[in-house]
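Each chain is listed here by its residues.
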Amino acid sequence: MHYPVTVLLQSVRVLDLAGGDADAVTRLLADLGADVLKVEPPGGSPARTAPPLLGGVSIAFALHNANKRSIILDPADERDRRRFDELAGTADIVVDSGGPGRAAAFGTSCAELADRFAHLVTMSVTDFGTSGPRSTWQATDAVLYALSGALSRSGPTTGTPVLPPDGIASATAAVQAAWAALVAYYNRLRSGTGDYIDFSRFDAVVAVLDPIFGAHGQAAAAQRKSSRWRGRPRNQDAYPIYACRDGYVRLCVMSPRQWRALWTWLGEPAEFADPKYGVIGERFAVWPQISVLLRKLFADQDMVDLVSAGQSRGVPIAAVGDPAKVLTEEHFVVAGAVAQTELVPGLTAAIPTGYYVVDDHRAGFRAPAPAPGDAASAGWLAEPLEQATAGEVGARPFEGLRIIDLGIIVAGGEASRIFADLGAEVIKVESAAYPDGLRQARPGEAMSESFAWTHRNKSGFGLDLRSPQGKEIFTRLVGEADVVLANFKPGTLAALGFSYEVLRGINPRIVLAESSAFGESGPWSGRMGYGPLVRATAGVTSLWTSPDGAADSERHPFYDATTVFPDHVVARVAAIGALAALIGTRRTAAGSHVHVSQAETAINQLDTSYVAHAAGAAVAPDTAVDLVCPCAGDDEWCVISIRTDADMRSVASAFGDHELAAEQRFSSGAGRATHRGELAEALGRHTATRSPSAVAELLQAGGVAAAPMNRPPDVADDPQLAHRMLYAAMTHPLIEHPLPAETGPAPFRNIPVAPQRPAPLPGQDTRDICRSVLGLDDAETDRLIADGVIFAAD
């Protein structure tokens with residue numbers, strides 16, 4: 001396999017001191033062309049032996065260090081210490097991880113390096129940040145799920161909550177870290193001054209994975225309201241799953257037209273002929289009766305036949321994919337999203353190839369993870385961009401940048417919003433006939449909270465893009481813009497007359513960044529792409545299960561209905577691609593087209609798990625266990641992660657149950673993995689008499705990763721998040737109470753927190769944009785409004 005070298009970040013020098021979970025941060029930058037030089041100690045990084053292992057090789061290390069070079073530096077050697085200083089002083093970005101981090105071995109820190117080298121962007125990636133009441137705590141993905149509120153929304157309405165798949169939290173944090181680092185680098189290009197970023201993985205998971213205070217998706221926008229309710233989700237089957245002959249299929253019926261197609265497929269049952277069932281709420285009320293008919297229809301058919309029949313009728317349906325088979329699916333192979341290639345030299349495996357397609361070429365895996373010290377040159381290969389000095393230090397990095405936002409719902413809206421939070425002028429183009437789905441509000445409310453969160457700091461421009469004059473107006477907007485963001489079905493922009501070739505003809509420097517459900521190529525590219533269908537097809541749903549089986553034997557075993565993953569993550573992935581293209585434009589004076597697939601994003605987020613599943617019995621598994629245990633109180637739970645024998649001994653000691661660690665079933669990793677249910681029951685006898693917080697404090701004091709299961713009110717009051725100032729109160733004139741809103745992707749030294757300009761009404765800023773951007777006088781604007789070409793809020 002060979003892909004052209006991606007050039008977007010060709011000028012960026014990245015010194016990688018990271019290990020473990022933070023390796024994925026710099027892999028993402030390497031995929032986009034950055035020269036990433038990994039510093040390893042003599043003998044290589046300890047992460048090289050982290051399970052799961054394939055052929056004795058750490059799968060995670062191999063995947064997350066592809067496209068990098070390696071250099072061995074011994075902190076005890078004076079020449080190597082000087083070499084480290086030289087590399088740091090000539091790098092653009094330095095990424096370290098853990099406390100105190102590898103920089104400490106060289107007698108320094110990321111904060112001190114930023115002090116010494118004014119141009120340098122440095123980032124320390126830790127579980128909770130370097131200060132605050134939980135700064136010394138340890139986190140696993142399970143701990144991050146518990147504290148962020150994700151665990152409390154996953155699982156049956158009663159009984160043991162279900163942990164989301166291991167890997168998503170760490171991968172989500174890595175994407176947010178890459179975004180923050182690239183933002184600071186872009187700001188350096190603007191102002192000439194670097195930055196220090198004290199990055200917290202916990203902050204990132206709270207803000208990006210399934211944010212309690214953020215967009216909840218189209219179906220929930222008109223129902224969900226931020227509150228201090230502590231209950232568990234009542235409906236774990238909003239996107240129902242049904243058994244068929246060879247597996248399961250999922251439906252995601254949203255619109256009246258889709259319901260009518262399903263009704264016809266069911267044989268037009270008279271009891272559901274009333275048009276009122278086109279409304280989601282009316283349909284939900286009788287869904288148990290509809291389900292009886294669906295189970296009968298689906299039971300004796302195969303997944304592939306059901307999906308083909310449903311999609312051809314216009315019914316949103318997908319098979320629940322098998323993680324062991326996803327990496328060999330024809331669609332992903334044809335699209336170049338997966339490949340059979342060398343994981344490391346001499347070891348071949350099926351792997352995901354990366355997040356991006358740039359200018360019709362796959363931007364991802366090019367070279368396997370390096371052997372320790374393999375760098376043919378101990379210096380940099382990249383030629384840096386010229387240092388800028390014109391920008392003001394302390395201003396927002398994207399001031400002066402204009403973005404045309406065609407994005408909708410979560411993934412599209414969020415991608416532009418995070419640019420707007422950092423100073424970009426974002427013009428949300430909206431149709432009167434087809435408003436953004438997040439505009440659905442609760443009865444009596446003028447705006448949904450989801451819309452207010454997702455579209456703050458933007459301007460609203462009403463435009464009929466299907467009319468000839470509307471196309472002319474849009475052409476003028478593109479000519480005055482830097483970026484166009486969209487997340488339509490592939491081919492939609494071209495059908496409107498605005499393919500990337502056309503956009504580039506209008507403005508040679510324009511960057512087009514798009515996302516779609518299944519990408520631009522491959523047999524599934526034209527499929528309907530709601531998030532639940534993407535998760536099902538990509539195998540995520542199959543991983544989102546209880547290890548102890550379903551609590552209800554009448555129900556399927558899957559519990560991913562309340563998440564909006566990967567929408568928020570896709571938004572950041574697309575934004576990183578757009579920002580990388582803007583950086584590349586500084587060097588080439590030409591724009592780029594970046595495309596991101598939601599399904600491919602999900603697979604890359606869970607890359608270690610998918611490679612391990614595909615390799616099957618050849619893998620030496622990770623024997624760490626994550627246990628959800630009951631605590632004192634009504635429906636209160638905690639998470640305990642036992643990674644090593646030392647962890648097991650610490651847990652037993654903390655609970656005063658020394659025989660527990662010596663018991664043969666629990667004395668080894670393999671034994672704990674085999675008997676995890678019995679171990680959870682044994683620990684539950686100790687946790688059931690303690691509060692979740694007391695259990696977490698007790699075990700964290702002994703060096704064991706543990707956490708209480710937070711609910712929305714707990715996240716709002718979390719002392720670590722308060723110390724980190726992750727949220728600030730956001731007010732909107734149409735919403736009766738302030739909303740907690742994130743202050744930015746990470747705390748920066750030289751970039752201020754996000755402003756709080758209220759999200760616009762449809763067409764709210766149309767007249768201003770006509771004057772200031774398009775140069776139209778009021779009479780011309782009035783004529784266009786009268787002709788229905790544009791519209792403005794009253």
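The text that follows walks through the structure, step by step, so that each part is easy to find.

Thresholds applied
Residues numbered from 1 in each chain as written. Predicted model: local features only at pLDDT ≥ 70, side-chain atom pairs only at ≥ 80, totals over all residues. Heavy atoms only, no water. Pairing = 2+ DSSP bridges. Helix = DSSP H or I, 4+ residues; strand = E, 2+ residues; numbered from the N terminus. Axes fitted to C-alpha atoms, helices over the stretch in contact; angles between N-to-C directions. Contact = heavy atoms within 4.5 Å. Buried < 20%, exposed > 50% of the residue type's maximum accessible area, 1.4 Å probe, protein only. Salt bridge = Lys/Arg side-chain N within 4 Å of Asp/Glu carboxyl O. Right-handed = clockwise from strand over helix to strand, strands pointing away. Phe/Tyr/Trp six-rings, centres within 6.5 Å; stacked < 30°, edge-to-face > 60°.

**Digging into the sheet that holds strand 8 (residues 195-200)**
Strand order in the open sheet made by the six strands is 5-2-1-6-7-8, with parallel pairing throughout. Sheet topology places strand 5 (69-72) and strand 8 at the edges, where each strand pairs with a single neighbour. Averaged over all pairs of adjacent strands, the angle between strand axes in this sheet comes to 20 degrees, irrespective of strand direction. Here three bridges tie strand 1 (residues 13-16) to strand 6 (residues 93-97), and the two strands are oriented parallel to one another. Bridging across to strand 6, valine 14 finds its partner in isoleucine 93. Contacts from helix 6 (residues 168-191) reach strand 6, strand 7 (121-126) and strand 8 within the one sheet, and its direction differs from that of strand 8 by about 165 degrees. Contacts from helix 7 (residues 201-208) reach strand 7 and strand 8 within the one sheet, and its direction differs from that of strand 8 by about 70 degrees.

**Focus on the environment of valine 333**
Looking at the secondary structure, you find valine 333 in helix 14 (residues 330-334). The class of valine 333 is partly exposed, set by a relative accessible area of 45%. Valine 333 sits 101 residues away from arginine 232 along the chain, and the two C-alpha atoms are 39 Å apart. If we ignore the near neighbours within four places in the chain, the residues touching valine 333 are Leu327, Thr328 and Val338.

**Let's talk about the pattern of salt bridges**
Applying the stated rule across the entire model yields 44 salt bridges. Here aspartate 560 makes a salt bridge to arginine 535, at a shortest N to O gap of 2.8 Å. Taken together, the residues span a long stretch of sequence, with aspartate 560 in the loop between helix 21 (540-543) and helix 22 (567-588) and arginine 535 in helix 20 (residues 531-537) at a distance of 25 residues. A relative accessible area of 1% places arginine 535 in the buried class. What you see here is one network of salt bridges that share partners, running through Glu414, Arg417, Asp421, Arg456, Arg572 and Glu742.

**Notes on the pairing of strand 6**
The element strand 6 is extensively covered by neighbouring structure, given that five of its five residues are classed as buried. Here strand 6 shows two buried faces, one formed by Ile93, Val95 and Ser97 and the other by Val94 and Asp96. Across five bridges, strand 6 lies against strand 7 in parallel orientation. In the sheet register, valine 94 faces strand 7, and the bridge partner there is threonine 122. Taken together, strand 6, helix 4 (residues 110-116) and strand 7 constitute a β-α-β crossover, and its handedness is right-handed.

**Observations concerning the packing of aromatic side chains**
Counting across every chain of the model gives 17 aromatic pairs. Between the aromatic rings of tryptophan 179 and phenylalanine 419, the centroid separation amounts to 5.2 Å while the plane-to-plane angle is 75 degrees, which identifies the pairing as edge-to-face. One end of the pair, tryptophan 179, is in helix 6; the other, phenylalanine 419, is in helix 15 (residues 409-420), with 240 residues separating them in the sequence. Residue tryptophan 179 is classed as buried on the basis of its relative accessible area, which comes to 1%. A relative accessible area of 0% means that phenylalanine 419 is categorised as buried. By the ring-pair criterion, three or more aromatic residues cluster together here, those being Trp179, Tyr186, Phe398 and Phe419.

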